[in-house]
Amino acid sequence: MALVVRRPQLKWWEKIYLPVIAKGLVITMRHFIRTLTGRTKVTMQYPEEKWNDQLPEHYRGAPALVTDEQDRERCVACQLCEFICPPRAITIIPEEIPSEDKWAKVEKRPLAFNIDMIRCIYCGLCEEVCPEQAIFLRKDYAITGESRAEMVHDKARLYEVGGRRVGLVNKWNDLK
Amino acid sequence: MDFIALAISAVKIVGLVFLVIMPMVAYAVWAERRVSALIQDRVGPNRVGFQGLLQPVADGLKFILKEDFTPKNVRTGYYWLAPALTMVPALLTCAVLPFGSQLFGEPMVIANLNAGPLFIFAIASLSVYGIVLAGWASNSKYPFLGGVRSTSQMISYEISLGLSIIPVLMILGDLNLGRMVQDQSVNGWLMLPLWGDRFSLKGLLLLVPVVISFVVFTVSMFAETNRLPFDLPECETELVAGYHTEYSSMKFALFFLGEYAAMIIGSGLAVTLFFGGWSLPFGWLSWDGKADIPWWQGLIHMATFFGKVVVFILFFIWVRWSLPRFRFDQLMRLGWVFFFEIAVINIILTAGIMMLVK
């Protein structure tokens, strides 16, 4: 059975083109005026306008380390995040805390904590796996650098981005 | 004395071509990109300079710095000649356009020819050679198809273009573009006969053939300049880039500029013939070509002319981003079956009105 494609029956004003052309011109003119007067929403002008205040609550940006109320670094260098990290972006060198230190009971801390931001895929598994609530994904997304070395965030940089985190983050509170 | 006349001509040529037409071409491209963006709910180039106003400069710099590559299999001589043959006729035609009334007692037209429209059509029809040569010399199938299409398209539409302005010439009774504008300035524009002699039964009746000839003229002008509803020689979706597929760098830029220059001259001609060139509406500051006028009036007249041309170019852009491309057989049918006949009937209609209505 051959399929018969029905052609639309054009009215006479459609056949002489001009009224339909005028109709099309009116449509484009409407779009032109609406965009010109700013009634149509257009692309964000990126470097001038930024996402910062419009990011959703669950946004996953750059990972960062945090300190607690007493300015103690929360990370105990358990290396769980290093093991779970799918692209292997995290490198931790653990260090024993000397016995004369105020926090000697904590036993371990990271000597070096590097996250290669070229490798990081912002999956958030490090944050999920951390038993000490020491690593969090922040909302920073424009991570740039001029060399590979610059793109590796070391401990100092990670604490600078992370800052201080007060209180425990739990399922039932909205501290995150 | 001859030397002074030559010097004045040279100043007018340089002033018009390099200080007005070329910047207008550059900014027509900018306007095209911005307006098309706004029509399509986008922003368009707005980074280089305020609102992207320096974009043409950046584009030009890019074209100059790009590699000027000549493919191995082309006919080099013709291949090099083609871009020039597109650009030169487009710029030559502006010689007879009256872009102003008078400035310091000097008529604002480069060559005050008594056969203005004929000169424009004669020269403009040469620009088809640039495209045909480009298509042929490229020795590649897409440019070839583009060149072939362009040949038949431009030759077909030249006929309706020429026939469509005959009613205008009959009404104005003159072939000198400068005097045609002076007439319209005093007696009312052909498309707006609301003052002077044309505000009469005859003038208003003649508006019917004038509007028909304006529509035919404008559509044919779109076809002649290869603008979008009729851009079959270029035709991105079918022929890669049509006749200029094999061109790069400044050679491509010359095709591009030639197209826009032709568009500007076409707009200028349409404005001169149908919308009273440099004259203001309702006979304000009109000039009959006899007594000298003060310089500020001359400047106002020039500004009026270029203002009208700009409006016309915006209309060109608006149409381009509204209408889809015609199929080739539709294009040929429109040219030969409709416009040719309409233009001929229009001449008879005009003659009838001019004869019967006193």
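Here we summarise the structure given alongside this text. Keep in mind that this is a model prediction, so the values were computed, not measured.

1. Let's talk about the overall build of chain A
Scanning chain A from N- to C-terminus turns up five helices and five strands. The C-alpha radius of gyration of chain A comes to 28 Å, more than 25% above the 16 Å expected for a compact globule of 176 residues. Judged by the C-alpha coordinates and their principal axes, chain A covers about 95 × 50 × 40 Å. Burial statistics for chain A: of 176 residues in total, 18% are counted as buried. Considering only intrachain contacts with a sequence separation of at least 6, the fraction spanning at least 24 residues in chain A is 68%.

2. Quick notes on the overall build of chain B
What chain B contains, in helices and strands, is 13 helices and two strands. Here the C-alpha radius of gyration of chain B, 21 Å, is about what a compact globule of 358 residues would show, namely 21 Å. In terms of its C-alpha atoms, chain B occupies a principal-axis envelope of roughly 65 × 50 × 45 Å. In chain B, 78% of the contacts between residues at least 6 apart in sequence involve partners at least 24 apart.

3. Here we look at the interface of chain B and chain A
Taken together, the contact pairs 10 residues of chain B with 12 residues of chain A. A total of three residues in the side of chain B that touches chain A trace back to one element, the largest contributor, which is helix 1 (residues 2-39) of chain B. Residues belonging to the side of chain B that touches chain A are distributed by class as follows: seven nonpolar, one polar and two charged.

4. Section: unusual backbone geometry
The bulk of non-glycine residues show a negative phi, and the bulk of peptide bonds are trans. Residues and elements named next belong to chain A. Unusually for a residue other than glycine, Arg88 sits at a positive phi of about 55°. Topologically, Arg88 is positioned in the loop between helix 3 (80-84) and strand 2 (90-96). In this structure, Glu107 takes a positive phi of about 75° despite not being glycine. By the element assignment, Glu107 lies in the loop between strand 2 and strand 3 (108-116).

5. So, the packing of helix 5 (residues 127-137) of chain B against helix 6 (residues 141-164) of chain B
Helix-helix packing is described using two parameters, namely the angle between the two axes and the distance between the axes. Residue and element names in this part refer to chain B. Interaxial distance between helix 5 and helix 6 falls to 7 Å at its minimum, and their mutual angle equals 155°. Judged by the angle between their axes, helix 5 and helix 6 are roughly antiparallel. Helix 5 and helix 6 meet at a crossing whose hand is left-handed. For the pair helix 5 and helix 6, the contacting residues are Val128, Ile131, Val132, Ala134, Gly135 and Trp136 in the first and Pro143, Phe144, Gly146, Gly147, Val148, Ser150, Thr151 and Met154 in the second. Its residues assigned to classes, the contact of helix 5 with helix 6 shows nine nonpolar, five polar and no charged.

6. Some words on the sheet that holds strand 5 (residues 152-153) of chain A
All names here are of chain A. Spatial strand order, 2-3-5: three strands in an open sheet with antiparallel pairing. The sheet is open, and its two borders are formed by strand 2 and strand 5, each paired with just one other strand. Sheet analysis places strand 2 next to strand 3, joined by seven bridges and oriented antiparallel. In the strand pairing of strand 3, Glu95 is matched with Arg109.

7. Details of the nonpolar core
Within the largest apolar cluster, 85 residues are counted, with the highest numbers of intra-cluster contacts made by Ala261 and Ile264 of chain B. Per element, the largest residue contribution to this core is 15 residues, and it comes from helix 11 (residues 249-274) of chain B. When residues no more than four places from it in sequence are discounted, the contact partners of Ala261 of chain B are Ile21, Val25, Met87, Ala90 and Leu91 of chain B. Cys81, Phe113, Ile115 and Leu158 of chain A belong to the second largest nonpolar core, which has 22 residues in total.

8. Some remarks on the environment of Ser150 of chain B
Residues and elements named next belong to chain B. With respect to the helices and strands, Ser150 occurs in helix 6. Measuring from C-alpha to C-alpha, the distance between Ser150 and Phe306 comes to 29 Å, with 156 residues separating the pair along the chain. If we skip the residues at most four places from it in the chain, Ser150 touches Val128, Ile131, Val132, Gly135, Asn226, Pro233 and Tyr243.

9. What about the environment of Ser185 of chain B?
Residue and element names in this part refer to chain B. Tracing the chain through its elements places Ser185 in helix 8 (residues 177-187). A sequence separation of 20 residues divides Ser185 from Leu205, and the C-alpha atoms of the two residues are 19 Å apart. Here Ser185 is in contact with Gly276, Ser279, Ser286 and Trp287, once residues within four sequence places are set aside.

What counts and what doesn't
Residues numbered from 1 in each chain as written. Chains lettered and ligands numbered in written order. Predicted model: local features only at pLDDT ≥ 70, side-chain atom pairs only at ≥ 80, totals over all residues. Helix = DSSP H or I, 4+ residues; strand = E, 2+ residues; numbered from the N terminus. Rg over C-alpha atoms; globule rule 2.2 N^0.38 Å. Buried ≥ 20, exposed ≤ 12 C-beta atoms within 10 Å, placed from the backbone. Contact = placed C-beta atoms within 7 Å. Nonpolar A, V, L, I, M, F, W, Y, C, P; charged D, E, K, R; others polar. Axes fitted to C-alpha atoms, helices over the stretch in contact; angles between N-to-C directions. Parallel < 35°, antiparallel > 145°, perpendicular 65-115°, else oblique. Left-handed = near helix turned anticlockwise from the far one by under 90°. Pairing = 2+ DSSP bridges. Core = buried A, V, L, I, M, F, W, Y, C linked by C-beta atoms within 7 Å.

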